[in-house]
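# A structural walkthrough
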Amino acid sequence: MIIKCFNCGAKFMPGNNAQGLPNGLGFKLDSGKTYNVCRFCISYKTDEVNRKISEAEGK
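Residues numbered from 1 in each chain as written. Predicted model: local features only at pLDDT ≥ 70, side-chain atom pairs only at ≥ 80, totals over all residues. Heavy atoms only, no water.

### Concerning the pattern of salt bridges
- Enumeration according to the criterion identifies 2 salt bridges in this entry.
- When the shortest N-O distance is used, the salt bridge between lysine 45 and glutamate 48 registers 3.3 Å. Of this pair, lysine 45 and glutamate 48 both sit in helix H1 (residues 39-57), 3 residues apart, roughly one helical turn.
- The partly exposed category is assigned to lysine 45, whose relative accessible area is 44%.
- Of the charged contacts in the structure, one is a salt bridge between lysine 52 and glutamate 48, with a shortest N-O distance of 3.7 Å. Pair noted here: lysine 52 and glutamate 48 are both in helix H1, with a separation of 4 residues, about one helical turn.
- Classification of lysine 52 by relative accessible area gives exposed; the value is 52%.
- A cluster of three or more residues bridged by salt bridges with shared partners is formed by Lys45, Glu48 and Lys52. (Salt bridge = Lys/Arg side-chain N within 4 Å of Asp/Glu carboxyl O. Helix = DSSP H or I, 4+ residues; strand = E, 2+ residues; numbered from the N terminus. Buried < 20%, exposed > 50% of the residue type's maximum accessible area, 1.4 Å probe, protein only.)

What follows is the structure in structure tokens.
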């Protein structure tokens, strides 16, 4: 099974990479559909949030 990232369109396999990190995540929506996101988009969002927190704390 190949899954497509909703954000960037990258395709990934279910499961984890060699470091044990998930290749992506799927979020079940109220509509019954699944919102799939690849690990690269998750990592990008995490970095973005960390930058905003640092800026808010004045670091």
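### A word on the nonpolar core
- Among the nonpolar cores identified, the biggest contains 6 residues, and these are Ile3, Cys5, Phe12, Val37, Cys38 and Cys41.
- Leave out the neighbours within four places in its chain, and isoleucine 3 touches Ala10, Lys11, Phe12, Pro14 and Asn36. (Core = buried A, V, L, I, M, F, W, Y, C linked by side-chain atoms within 4.5 Å. Contact = heavy atoms within 4.5 Å.)

### Details of the packing of aromatic side chains
- Enumeration according to the criterion identifies 1 aromatic pair in this entry.
- Seen from their ring centres, phenylalanine 6 and tyrosine 35 are 4.7 Å apart, and the 50° between their planes marks the pair as tilted. Placement of the pair is phenylalanine 6 in the loop between strand S1 (3-4) and strand S2 (11-12) and tyrosine 35 in strand S4 (residues 34-38), with a sequence separation of 29 residues. (Phe/Tyr/Trp six-rings, centres within 6.5 Å; stacked < 30°, edge-to-face > 60°.)

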